[in-house]
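Each chain, written out:
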Amino acid sequence: SDKDTRTKDLTGDYNVLDTTYSKRLENNFYNQNVELNFRTSGEKYNYMIGVSMQPSKSESQTFVGDSLISDVSQSVVNFAPMAQFNYLWSRQNNLRINYDGRTSQPSVTQLSSVIDVSDPLNISFGNPDLKPSFSHNLRIRYQNFNPEQNRSYMLMTNAGFIVNDIVTSRTTEKETGKKASTYENVNGNWNANARFMTTQPLGNIKFSLFSMSFATYNNSNGFSNGEQNTSKRLNLGETLGLNYRSDLFDFSTRLNVSYNKVDNTLPGQQNQEYLNYGGGAETTIYLPLDFVIQSDINYSTNSGYSDGFDQKEMLWNASISKQIF
């Protein structure tokens, strides 16, 4: 990456190097991966545990003109454990549990203390004291599907927790609006979500009822003007739909609602609470000679936003296509 800025010399030509706004970066990154897993399979279950080792090396040199002003090099070995368990009552009825842990090293840019002033109102610099972050991730999925009856159930949950998460820390000068950004380690960032989906036939197998319920929670820590802020975000939602499937055409309609709430611990950070809801319909018509007509219409609106926000929206899409070959 080469930023070369010149100012006028005595003759009026732009030949003089501007050392404030000129900078050349040369980065090299080497990464390898070695993985070892142990797997066991039974009649109705299987599981696997393992670990991967990822040696890496990064080198970064920063020049202004021909002068070397920063030379950062680091060699690390990251480890990533994993575990997976599957239980199969049948091909249509199964449970899956996955866990993985992963180490992430800060980038060379995040570690470099060289100040980037290419945008004077938004300067940035790294933090050489950053520690590697480690993330834990757990995923669980249960699935039950009966194709003959067009009946299905699916439950999915995910959770993640990060140790020494790397976040942006920004300070703002009230008088000038000038912003300075760097990076900090922080603990306590985690998230969790769950989603349940089901399809149920209604008498005739051509008609079915669809439902999806979900919940998401995020706990995020960050910094503003040197003070730590914890943002807690809750999202709850429900989608309910009716489907019709036939050889001549398909039709579906949906209603959805979503509740969102954001709370911040730092005074001055805006809390929010709002509601999104709407609905839509979609149809596909199968014509002779492999022609297909498709159309969908969606309506959405919300409440809880500030005045002036466009709170109602309707979108209509349509297409005609022909399958060839």
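Residues numbered from 1 in each chain as written. Predicted model: local features only at pLDDT ≥ 70, side-chain atom pairs only at ≥ 80, totals over all residues. Heavy atoms only, no water.

Chemist: Looking at this model, I keep getting lost on the overall build of the protein chain. Mind explaining?
Modeler: Scanning the protein chain from N- to C-terminus turns up 1 helix and 20 strands. For 325 residues, the compact-globule estimate of 2.2 N^0.38 gives 20 Å, and the protein chain exceeds it by more than 25% at 28 Å. Referenced to the eigenvectors of the C-alpha coordinate spread, the extents of the protein chain come out at roughly 85 × 55 × 55 Å. Here the protein chain, with 325 residues, has 28% of them falling under the buried criterion. (Helix = DSSP H or I, 4+ residues; strand = E, 2+ residues; numbered from the N terminus. Rg over C-alpha atoms; globule rule 2.2 N^0.38 Å. Buried < 20%, exposed > 50% of the residue type's maximum accessible area, 1.4 Å probe, protein only.)

Chemist: Please clarify how the packing of aromatic side chains should be interpreted in this entry.
Modeler: For any pair of aromatic rings, geometry is given as the distance between the ring centres together with the angle between the planes. Summed over all chains, the structure comprises 5 aromatic pairs. Judged by centre distance (5.2 Å) and plane angle (35°), the rings of Trp 190 and Tyr 217 are tilted. Taken together, the positions of Trp 190 in strand β14 (residues 189-202) and Tyr 217 in strand β15 (residues 204-224) put the pair 27 residues apart, joining distant regions of the chain. If you follow Lys 322 out to its NZ or CZ, it ends over the ring of Phe 291, 5.0 Å from the centre. (Phe/Tyr/Trp six-rings, centres within 6.5 Å; stacked < 30°, edge-to-face > 60°. Lys NZ or Arg CZ within 6 Å of the ring centre and 35° of its normal.)

Chemist: Help me understand the environment of Phe 161, please; the structure alone is not making it clear to me.
Modeler: Here Phe 161 is to be found in strand β11 (residues 151-163). Classification of Phe 161 as partly exposed rests on a relative accessible area of 37%. A sequence separation of 60 residues divides Phe 161 from Gly 101, and the C-alpha atoms of the two residues are 9.6 Å apart. When near neighbours in sequence (up to four residues on either side) are disregarded, Phe 161 contacts Phe 134, Ser 135, His 136, Gly 188, Asn 189 and Trp 190. (Contact = heavy atoms within 4.5 Å.)

Chemist: Got a minute to help me understand unusual backbone geometry in this structure?
Modeler: Trans peptide bonds make up most of the peptide bonds, and negative phi angles are found at most residues other than glycine. Positive phi is not limited to glycine here, since Asn 225 has a value of about 50°. Mapped onto the elements, Asn 225 comes out in the loop between β15 and β16 (227-245). Note on Asn 225: relative accessible area 39%, which makes it partly exposed. Positive phi is not limited to glycine here, since Phe 325 has a value of about 55°. Among the structural elements, Phe 325 can be located in the segment after β20 (312-322). Note on Phe 325: relative accessible area 100%, which makes it exposed.

Chemist: Just checking my understanding: could you explain the pattern of salt bridges for this structure?
Modeler: Pairing between side chains of opposite charge can happen when the charged atoms of each approach one another. For the structure shown, the criterion picks out 6 salt bridges. A salt bridge links Asp 116 to Lys 3; the nearest nitrogen and oxygen atoms lie 3.6 Å apart. Residue Asp 116 is located in the loop between α1 (108-111) and β9 (122-124), and its partner Lys 3 is located in strand β1 (residues 2-3); the two are separated by 113 residues in the primary sequence. Among the ionic pairs, Glu 26 bridges to Arg 24, the shortest N-O distance being 3.3 Å. With a relative accessible area of 35%, Glu 26 lands in the partly exposed category. (Salt bridge = Lys/Arg side-chain N within 4 Å of Asp/Glu carboxyl O.)

Chemist: I would appreciate a short explanation of a nonpolar patch on the surface in the present structure.
Modeler: A cluster of nonpolar side chains, namely Leu 248, Phe 249, Phe 251, Ile 285, Leu 287, Ile 293 and Ile 320, defines an oily patch on the protein surface of about 610 Å² accessible area. Among the secondary structure elements, Phe 249 is positioned in strand β17 (residues 249-264). (Patch = residues over 30% accessible without salt bridge, like charges linked within 9 Å, V, L, I, M, F, W, Y side chains within 5 Å. Areas by Shrake-Rupley, 256 points an atom, 1.4 Å probe, with all protein chains shown as cover.)

Chemist: Quick question: what am I supposed to make of the pairing of strand β7 (residues 67-90) here?
Modeler: Consecutive side chains of a regular strand alternate in pointing toward one face of the sheet and then the other. Pairing analysis gives 20 bridges linking strand β6 (residues 45-64) to β7, with the strands arranged antiparallel. Its bridge partner lying in β7, Phe 63 is registered against Leu 68. With antiparallel pairing between neighbouring strands as the criterion, β6 and β7 make up a hairpin whose turn holds 2 residues, including Gly 65 at a positive phi of roughly 65°. Direction of pairing for β7 relative to strand β8 (residues 93-104): antiparallel, over a ladder of 8 bridges. Residue Leu 88 lies in a different strand from β8, and its bridge partner there is Asn 94. If you look at the hairpin formed by β7 and β8, you'll find 2 residues sitting between the two strands. (Pairing = 2+ DSSP bridges.)

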